[in-house]
Amino acid sequence: MLIGIDVGGTTTDAVLIQNGEVYSTAKVPTDAGNLLKSLIGALDEVSRGVPPENFKRVVFSTTVITNLIAEGKTDRVALLLIPGPGVNPASYVFPDSFYLKGAMDYRGREIQPLDEAEVRETVNRIREQGFSRAAVVSKFGQRNPSHELRVEEILREMYPGCKVELGHKVSGKLNFPRRVATSMLASATGERYQGFVAEIKKALEERKIRAPVYILKADGGTLPIEKSVEFPVETIFSGPAASTIGALALTPEGQTSVVVDIGGTTTDLALILSGKPLIASKGARLGNFLTHVRAFAVRSIAVGGDSIVRVRETGDGLRKVTIGPERAGPAYCMGGEKPTPTDALRVLGLVEVGDPERAKDAITAVASSLGKPKTEAASLIVDATAEMIAQAVREMFLEWEQEPAYRIWEVLQEKKVRPENVVGVGGGAKGLIAGVAEKLNAKPVIPDHSEVGNAIGAAVARPTLTLNLRIDTQQKVYSVAEEGEIVSLNSTDIGNFNRMRSEEAESLATKLLRERAKRFGVSKYADEAEVVSSEVFNVVEGWFTAGRLFDVSMQIPAGLIPEWDRREKA
Amino acid sequence: MKLGLGKIKDALKGGSEKNTGAEKKELNEEEIEPHRVEEVIVKTKTSEQKSEDEPENEPEKKHMIPVNRSGARRTGLIFFPAFDWAISPTHPEREERLLYTRDQIFEEGLMDLPQIAEYKPRLADFKDIARVHFCVPDIKAQATTPHLIAAGSCLVLADALMRGEVKNAFALIRPPGHHSMTVAHGNRGFCNINNEAILVEYLRKKYGIRRIAIVDTDVHHGDGTQEIFYNDPDVLFISFHQDGRTLYPGSGFMNELGGPKALGRTINIPLPPGTPDEGILYVLDALVMPILKDFRPELVLNSAGQDNHYTDPLANMRFSAQGYAKLNEKLAPDMAVLEGGYAIQSALPYVNTGIILAMAGLDYSCVKEPDFKPGMFVQAARDRQILEGVVSTQLENWNNRDSLVEAEIAKHGDFYRRKKQIFYDTDMIQELQEETVRMCPDCQGYVTIDSRAHRSINDTRIFGVSVPIYACNRCQEEAREEYKKRLNSPVYEYVYLQDKKADEYRAYNIRTKQETVY
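Cut-offs used in this document
- Residues numbered from 1 in each chain as written.
- Chains lettered and ligands numbered in written order.
- Predicted model: local features only at pLDDT ≥ 70, side-chain atom pairs only at ≥ 80, totals over all residues.
- Helix = DSSP H or I, 4+ residues; strand = E, 2+ residues; numbered from the N terminus.
- Buried ≥ 20, exposed ≤ 12 C-beta atoms within 10 Å, placed from the backbone.
- Rg over C-alpha atoms; globule rule 2.2 N^0.38 Å.
- Contact = placed C-beta atoms within 7 Å.
- Expected span 1.5 Å × (residues − 1).
- Arc of directions from axis to C-beta.
- Domains from an automatic or database assignment.
- Nonpolar A, V, L, I, M, F, W, Y, C, P; charged D, E, K, R; others polar.
- Pairing = 2+ DSSP bridges.
- Axes fitted to C-alpha atoms, helices over the stretch in contact; angles between N-to-C directions.
- Core = buried A, V, L, I, M, F, W, Y, C linked by C-beta atoms within 7 Å.
- Parallel < 35°, antiparallel > 145°, perpendicular 65-115°, else oblique.

Undergrad: Account for the overall build of chain B, naming residues and giving values.
TA: Broken down by element type, chain B carries 13 helices and 19 strands. Considering chain B as a whole, with its 518 residues, one finds that 56% of them fall into the buried category.

Right, here's the structure in full:
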């Protein structure tokens, strides 16, 4: 049996799956002050009466990191930055930054050495200022981490108690400011996250649940919980990822869908293109910081079942309804104070929550202000809400079409896809999905168990893994962005570097991906790995080819575990 | 006409101007029979509104009104490195050219800055190309996909600019274009089609912009752009470059001031080899900026080559990344389009970072090449004097432009004619041209070009007629007549009509008798 639990902002949802079927579900309110309690509460409820040895796998998606950051409950981190030439570091907005001399260029060649005396002086300063954590990030540190490593050595020698995070270990992707932010957040949340993981393990131990435990990442992949403490920030936004994987699990294979999760205050959108959830081309934004965290392309709009409904006069004297962006509190029919889309849905009989009389009163007030009959007013409210959601979906597709292209084939590629399905997940979807689908000329789909689609998504998500290999045959080295080590090409079985071909680069990448999958305990999925892109550039110096640069990007994409048989659910 | 420096004899040899007065070649006036002409209308898709669906007779009314841009805060950017295109694997114009620039600007996180708006490239329409070039044998042969994307990128940014989405824009694209002239027989100086010229004609046709200034800051003379707008008094073309006696394409001397009716609207600033930041910024302050101020263009474009850099392998100047950033800050172009620049590791990553920051109004003071030390290049006193001479000569030419035009027009009758010899270094083509400009009292006059290209054993002769966008009706009629007259002339292989006034472009293949309409 598989357990999936999604700790959301309002409720914590859980599902137990047996033989590819939903066996039981549970919903408990989320206690923002004690996520662990909500999580365990949902676990206990969904697994009641089932012997613990029956569980084969437990997956959580949690907002713990998102909450820590949103509430500012993070630890102080000293940022030791080595920016080198380029943008003036004075324009960065990172707190607690200490700038060091030294620079690498885009190929990892040192252009300015570290000033060790300056490093030592800085270490003394951060100790005096009471920092117990430091993140060391150098521009192009992923192309040559030797400055970061040397600063780490000095830190360990002079200030052994200090916890150190290195930029090149956190992300190997280009973008220094994002690497700084990601390293800072990883360092700032690391210990608290470790504490959270320890408590989960203790709670499971008490319940004699010995099944492997995973955490869902923002890219919809699972990560063994022990491994996740190395990458705490990867777990942000796992909620929308859970819903998306849930929608993937509950709709027919290979179709293009927009996943709509309508909540009280906001509606979250995600795209599934020909059966593949769309990954954002850049990392996720977390509060004020842009990060390198790989995440689904999700969009959140400030409209939901509990948004305020207002009547506004437009310039030409006409009156029209507007929805949101603020939340009205609960819907009027649920004992709230203001009319909401939920009241309109109730009046139209599209949902069966709350007091029908109160809903009527709320909508009558709107109707008289509009000067229209009650039912028409209700329809106008529902239509306006659906239009806002549909418009956001159209914008999402447009944004995807308009993503920058750097190669001829990318420009020539026709990106003109529109959704076949509008898939509603979560509690609020029911009454509105049909309207949204109609506007998008798509089929409305509200699958069975859609109210716990997020928990199902967590339960059936498979691991993801990426590997970005860069080979520089002139310098005779390769590096894997995710691992941050520069390795000599002599350690490979490639004979003549100068004659190296893309096929050899790709087979090296495949081999490294297998090794990495093994370390992550996901060897089972290594065969699912695909080459996302593979490029080669000649390095020409003085009119001769001096070497080649290969960039190979591989991934095990997000998907479902084989234990889930989707065809039966479609 | 003041020619300046007195060192220009060599340059005159290739481009001697001949005044042939009113006399005009007699031509076979046989009418073509309509049924013998097969017409092919080429319509390619564009993401923009199609102009061919609009009424044909009133081009002036087609313009979309440019939006007030004063509210725009961001700098539009298209980075199109064409990582899958090269002239040949070790050619300077190869896949790798913008690779390290990509690494630098991505690592800097420039695309994330709220001051930068990144756009997606698109393909230019064939019609956009036909508005500028006579492509031999056809557009497809000269403008391959990467060329269409590079030109299309400029048009995407032009639209963003005119819609008021951005305050300025930088097309960081390849392949380049500023050596391409009106007639395109092949690749010259790494260029097939002229991105800036395509941009200018697009801006004029779509948005009704009239006065545009192009400042060519590439180390090589922008001879293609100069040639295209040589007779156009509405386009001010200023090029500074390493002295043509020491560098390809061997032109760009101070006596090249424009055609008779556009004298002074072409300003060339030959710089002594080794000129550092100081010299170029001096020329900018003392000459370029005052002329721009006086000309009052609606838009300023920077044809932004980066090969004045002190490490460029193809030239001998001493310009730095700081210098480039400062230049763009001072010039404040509405749009910059990348041209040359082949120090792909030692210059381009830093120069481009500097230009982007400067255009976005951000602090570029920390952008520097690894080996750069302030004060490492000093302007030689002798070169300083030369530059002062250039500045005073060209200021005088500029200030006297109206009287120069008047005096020159008086020398010619109904037609002005000149012969040109053009060499295509990349494709080894020798072209001989005779250009004729109608000396019309009401407009700038239509232009005809009779061009013969020798490429190894192949000879191609074409004839092209070009009607300026603001031509008078009589010139338009006469020009169209000229086109018709040539359609049965066996001396040509292809005949072209470029009617910018009607936005109608025709190419006629004499052998197949097929006419293509763009």
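Undergrad: Before we move on, could you go through the overall build of chain A and cite the residues and values that matter?
TA: Of the regular secondary structure elements, chain A holds 15 helices and 27 strands. Scaling as 2.2 N^0.38, a compact globule of 570 residues should have a C-alpha radius of gyration of about 25 Å, and chain A matches this with 26 Å. In terms of principal-axis extent, the alpha carbons of chain A reach across some 80 × 60 × 50 Å. Evaluated residue by residue, chain A yields a buried proportion of 50% over its 570 residues. A fraction of 63% describes how many contacts in chain A between residues 6 or more apart in sequence connect residues 24 or more apart.

Undergrad: Go over helix α13 (residues 473-486) of chain B, please, and point to the residues and values.
TA: Residue and element names in this part refer to chain B. An ideal rise of 1.5 Å per residue puts 20 Å on 14 residues; α13 measures up with 20 Å between its terminal C-alpha atoms. Within the span of α13, buried status applies to Cys475, Ala479, Glu482, Tyr483 and Arg486. An end-on view of α13 places all buried positions within 100° of arc, on one side of the element. In α13, those exposed residues whose orientation departs by more than 90 degrees from the buried face are Asn473 and Glu481. Where α13 is buried, its residues contact β14 (429-438), β15 (447-455), β16 (458-467) and β17 (494-499).

Undergrad: Requested: an account of the domain arrangement of chain A, with residues and values cited.
TA: All names here are of chain A. Taken as a whole, chain A is organised into domain 1 (2-70 + 192-243), domain 2 (78-188), domain 3 (253-448) and domain 4 (465-556). The gap between the C-alpha centroids of domain 1 and domain 3 is 27 Å. Facing the 13 residues of domain 1 at the interface are 19 residues of domain 3. At the level of elements, α2 (64-70) and α8 (238-250) are the ones that each hand at least two residues to the side of domain 1 that touches domain 3. For the side of domain 1 that touches domain 3, the leading source of residues is α8, giving three residues. For the side of domain 1 that touches domain 3, the class distribution of residues is eight nonpolar, three polar and two charged.

Undergrad: Give me the interface of chain A and chain B: which residues, what numbers.
TA: The interface is formed by 33 residues belonging to chain A together with 39 residues belonging to chain B. Taken together, the elements giving at least two residues each to the side of chain A that touches chain B come down to α6 (176-206), α12 (408-412) and β26 (530-541) of chain A. The biggest single contributor to the side of chain A that touches chain B is β26 of chain A, with five residues. Across the side of chain A that touches chain B, the residue classes tally to 20 nonpolar, seven polar and six charged.

Undergrad: Hey, could you go over unusual backbone geometry for me, with residue numbers and the actual values?
TA: Residue and element names in this part refer to chain A. Gly324 connects to Pro325 through a cis peptide bond whose omega is 0°. Topologically, Pro325 is positioned in strand β20 (residues 319-327). Phi at Asn19 is positive, roughly 50°, even though this residue is not glycine. Its place among the elements puts Asn19 in the loop between β2 (11-18) and β3 (21-29). Judged by the 9 C-beta atoms lying within 10 Å of it, Asn19 is exposed. In this model, Phe140 sits at a positive phi of 60°, which is unusual for a non-glycine residue. When the 26 C-beta atoms within 10 Å are taken as the criterion, Phe140 is described as buried.

Undergrad: Explain the environment of Arg506 of chain B to me, using residue names and the numbers behind them.
TA: Residues and elements named next belong to chain B. Its place among the elements puts Arg506 in strand β18 (residues 504-509). Overall, Arg506 belongs to the buried group, with 20 C-beta atoms counted inside 10 Å. A C-alpha to C-alpha distance of 44 Å links Arg506 and Lys326, two positions 180 residues apart in sequence.

Undergrad: Can you lay out helix α6 (residues 195-207) of chain B for me, pointing to particular residues and giving the numbers?
TA: Residue and element names in this part refer to chain B. Here α6 is 13 residues long and its end C-alpha atoms lie 17 Å apart, about the 18 Å a rise of 1.5 Å per residue gives. Most of α6 is tucked away: 13 of the 13 residues are buried. Remark: Gly208 follows α6 within two positions and exhibits a positive phi of approximately 70°.

Undergrad: Explain the sheet that holds strand β27 (residues 544-556) of chain A residue by residue, including any values.
TA: All names here are of chain A. Spatially, β25-β24-β23-β27-β26 is the arrangement adopted by the five strands of the open sheet, whose pairing is antiparallel. On the outer flanks of this sheet lie β25 (486-488) and β26, each paired with one strand and no other. Put simply, the sheet's adjacent strands are angled 20° from each other on average, direction ignored. Looking at chain direction, β26 and β27 are connected through eleven bridges and run antiparallel. Bridge pairing in β27 places Glu535 opposite Asp551. Sheet strands in contact with helix α15 (residues 502-519) are β23 (465-472), β24 (477-480), β26 and β27, and its direction is about 140° off that of β23.

Undergrad: Lay out the pairing of strand β9 (residues 133-138) of chain A in plain terms, naming residues and giving numbers.
TA: Every other side chain in a regular strand lies on the same face of the sheet, so the side chains alternate between the two faces. Residue and element names in this part refer to chain A. A large share of β9 lies buried, amounting to six of its six residues. The two faces of β9 match: Arg133, Ala135 and Val137 on one face and Ala134, Val136 and Ser138 on the other face are all buried. Pairing analysis gives five bridges linking strand β5 (residues 78-82) to β9, with the strands arranged parallel. Looking at the pairing, Leu80 lines up with Val136 of β9. As judged from the four bridges shared by β9 and strand β10 (residues 163-166), these two strands associate in the parallel manner. Considered in β10, the bridge of Val136 is made with Leu166.

Undergrad: Any chance you could break down the nonpolar core for me, citing the residues and the numbers?
TA: Side chains of a nonpolar character, in soluble globular proteins, are inclined to be buried together. Grouped together as the largest cluster of nonpolar side chains are 158 residues, with contacts concentrated most on Ile129 and Leu157 of chain B. No other element matches helix α5 (residues 145-162) of chain B, which puts twelve residues into this core. Once residues lying within four places of it in the same chain are set aside, the contact partners of Leu157 of chain B are Gly76, Ile78, Tyr119, Ala169, Ala171 and Met335 of chain B. Core analysis: the next-biggest nonpolar cluster, separate from the first, contains 136 residues, Leu100, Val170, Ala186 and Ala455 of chain A among them.

Undergrad: Talk me through the packing of helix α8 (residues 277-295) of chain B against helix α11 (residues 381-399) of chain B; I want residue IDs and the actual numbers.
TA: All names here are of chain B. Where α8 meets α11, the closest approach of the two axes is 10 Å, and the angle between their N-to-C directions is 10°. For the element pair α8 / α11, the angle class is roughly parallel. Across the interface between the two elements, Gly279, Tyr282, Val283, Ala286, Leu287 and Ile291 of α8 pack against Asp383, Leu387, Val391, Gln394, Leu395 and Trp398 of α11.

Undergrad: Pulling in residues and values, what's your account of the environment of Gly239 of chain A?
TA: Residue and element names in this part refer to chain A. Along the chain, Gly239 falls in helix α8. Remark: the alpha-carbon pair of Gly239 and Ala558, spanning 319 residues in sequence, is separated by 15 Å. Setting aside anything within four residues of it in sequence, one finds Gly239 in contact with Asp6, Gly8, Ser61, Thr63 and Asn454.

Undergrad: An account of the pairing of strand β11 (residues 213-216) of chain A is requested, with residue identities and associated values reported.
TA: Residues and elements named next belong to chain A. By the alternation rule, side chains of β11 split into Val213 and Ile215 and Tyr214 and Leu216, which are all buried. Where strand β4 (residues 57-61) lies against β11, three bridges are found, and the strand directions are parallel. Looking at the pairing, Phe60 lines up with Ile215 of β11. Two strands pair when backbone bridges link them, and β11 and strand β12 (residues 222-224) are joined in this way by three bridges, in the antiparallel orientation. Bridge pairing in β12 links Ile215 to Leu223. Connecting the antiparallel pair β11 and β12 is a turn made up of five residues, with Gly220 showing a positive phi of about 80°.

Undergrad: Go over the sheet that holds β10 of chain A with me, naming the residues and quoting the values.
TA: Residue and element names in this part refer to chain A. On the basis of which strands lie adjacent, the open sheet formed by four strands has the order β6-β5-β9-β10 and parallel pairing. Each having just a single partner strand, β6 (97-99) and β10 make up the two edges of the open sheet. Across the sheet, the mean angle separating the axes of adjacent strands is 20° when strand polarity is ignored. Each of β5, β9 and β10 is contacted by helix α4 (residues 146-158), which is oriented at about 155° to β9, the strand it contacts most. Seen against the sheet, α6 touches β5, β9 and β10 and runs at an angle of roughly 160° to β9.

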